[in-house]
Amino acid sequence: MKKYDPASNIQDLLQFGEFGDVNPSITDSATYTFMEAKTMVDTFHGEQEGCFLYSRHWNPSNKYLADALAAMEGTESAWVTASGMSAITTAILQLCNTGDHIVSSITTYGGTFAFLANYLKKFNIEVSFVDITNTEKVEQSIRQNTKLIYTESVTNPMLQVSDLPALSDIARKHGVKLLVDNTFTPMIIRPAALGADIVLYSLTKFVNGKNDCVAGAICADKSFVEAISDVNSGSAMLLGPILDPLRSSSIHKNLHTLHIRMQQHSKNGMYLAERFRETGLRVIYPGLPEHPQHKLMKKLMHPDFGFGGMIAIDFGTSQKAAELMEKMQEEGVGYLAVSLGYFKTLFSNSGKSTSSEVPGEVQKEMGLSEGLIRFSVGLDHDIERSWQKIFHCLKITGAI
Ligand SMILES: *Cc1c(COP(=O)(O)O)cnc(C)c1O
């Protein structure tokens, strides 16, 4: 059987512009004309395929990007949104009603945690937070009114690997949906092929890779994309988190280099993880054999794209982490900044930044120490040179 190749699937799409442009034309329009009034009525009622009505509903530029993402993921369809958070919230709000219940990984992106733990209270939707690597616990937490299981392929910031086939079996057995945020591992892990019903992305990170905009995506089957875009009941259509077509066009171009970038992020990630480990630091990286889900990761991942560009290391206290990060920035290792998937290395102290929405006692429960630094390793050409800078910073700040 031919190996699934997300990059070739994107490459093989014939998506050229109106005038034979090698890049699809950017549709800079909010609304669209119809030659016949009846076509407009049919389009409104979803009975006319291939016609555009209004850009909150569908925009051709967004459709090009969505089609390319669906090709990458191997899903029937996809939808792009103005942020990763809006992709996540749109999908969840579409599936849940007042009084429903969700089982979620306790380690997720901070914004996702806050939405699940705080915001959904408005709708009386309860969430059970569990250690997602404990699949028995996941199954035990399912109730009569559970609608979905929520996780990240590789969780933020603890880099636990979700056993997607096992979670999918549980979801199927109990008739609930499996939603997977794959922001950390595009191309590396393909959740849809491993049993996820809906795959979510913050395109802001690796997929776009340039840190010049915020965007998101939902990859799913056709019926779900139709449901979220329904003019009467679709959460995407009615809440309206629409990506600007100029932006979707620039993200689309960057998507075409994603496979090369992921390989380089992973190559550099593995290199630094090993160097860090040699100093005796406790390194969390799924590519290291001592990572608790290393074997699982090897089973789930695409061999061409490596173990990813994210590394987490505990430096004990937030004070120590701060000193080291400031020094690394000074020495040109990268930037002290939140976010990830950028061409330069970024580092932040998770407990005080991207996971600060997670209460202290929950941070403890998920094993997030106050001194944890999350590294998003960049595309550095000479990674040994970068390591020498880091090593100097580790020494000078007394981290090793
Ligand atoms: C950043 C991030 C999000 C949120 O995405 P935005 O584009 O910032 O809205 C969701 N999940 C993960 C894993 C993230 O890293």
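Higher on the page you've got the structure.
Keep in mind the model is a prediction, meaning the values are calculated, not measured.

**Student:** Sorry if this is basic, but what is going on with the overall build of the protein here?
**Tutor:** Of regular secondary structure, the protein possesses 15 helices and twelve strands. The C-alpha atoms of the protein give 21 Å as radius of gyration, which agrees with the globular expectation for 400 residues (21 Å, within 12%). Taken along its principal axes, the extent of the C-alpha atoms in the protein is 75 × 55 × 40 Å. For the protein, the residues scored as buried account for 57% of the 400 residues in total. Here the protein has roughly 17,400 Å² of accessible surface; of this, 51% comes from carbon and sulfur atoms. Computed over 36 positive and 43 negative side-chain charges, the inter-centroid distance for the protein is 5 Å.

**Student:** Is there a simple way to think about the site of the ligand in this case?
**Tutor:** Near the ligand lie 15 residues; those nearest to it are Met85, Asp181, Ser202, Thr204 and Lys205. A distance of 2.8 Å separates an oxygen atom of the ligand from a polar backbone atom of Met85. Within the side chain of Lys205, a nitrogen or oxygen atom sits 2.8 Å from an oxygen atom of the ligand. Isolated, the ligand exposes 380 Å² of accessible area, and the fraction of that covered by the protein chains is 93%. If one sorts the elements of the shell around the ligand by residue count, helix H4 (residues 84–95) sits on top with three residues. Partitioning the shell around the ligand into residue classes produces seven nonpolar, five polar and three charged.

**Student:** I would appreciate a short explanation of the sheet that holds strand E3 (residues 126–130) in the present structure.
**Tutor:** By definition, the strands of a sheet pair up through backbone hydrogen bonds, in either a parallel or an antiparallel sense. Spatial strand order, E1-E7-E6-E5-E4-E2-E3: seven strands in an open sheet with mixed pairing. Each edge of the open sheet carries a strand with a single partner, namely strand E1 (77–81) and E3. Direction aside, neighbouring strands of the sheet carry axes that sit 20 degrees apart on average. Here helix H3 (residues 60–73) sits on the sheet in contact with E1, strand E6 (198–202) and strand E7 (216–220), set at roughly 130 degrees to E1. Helix H5 (residues 110–117) contacts strand E2 (101–105), E3 and strand E4 (146–152) of the sheet and is inclined by roughly 135 degrees relative to E3.

Reading guide: rules and limits
Residues numbered from 1 in each chain as written. Predicted model: local features only at pLDDT ≥ 70, side-chain atom pairs only at ≥ 80, totals over all residues. Heavy atoms only, no water. Helix = DSSP H or I, 4+ residues; strand = E, 2+ residues; numbered from the N terminus. Rg over C-alpha atoms; globule rule 2.2 N^0.38 Å. Buried < 20%, exposed > 50% of the residue type's maximum accessible area, 1.4 Å probe, protein only. Areas by Shrake-Rupley, 256 points an atom, 1.4 Å probe, with all protein chains shown as cover. Lys, Arg positive; Asp, Glu negative; His and termini not counted. Charge placed at Lys NZ, Arg CZ, Asp CG, Glu CD. Near = heavy atom within 4 Å. Polar contact = N/O pair within 3.5 Å; in protein donor to acceptor, adjacent residues only side chain to side chain. Nonpolar A, V, L, I, M, F, W, Y, C, P; charged D, E, K, R; others polar. Pairing = 2+ DSSP bridges. Axes fitted to C-alpha atoms, helices over the stretch in contact; angles between N-to-C directions. Contact = heavy atoms within 4.5 Å.

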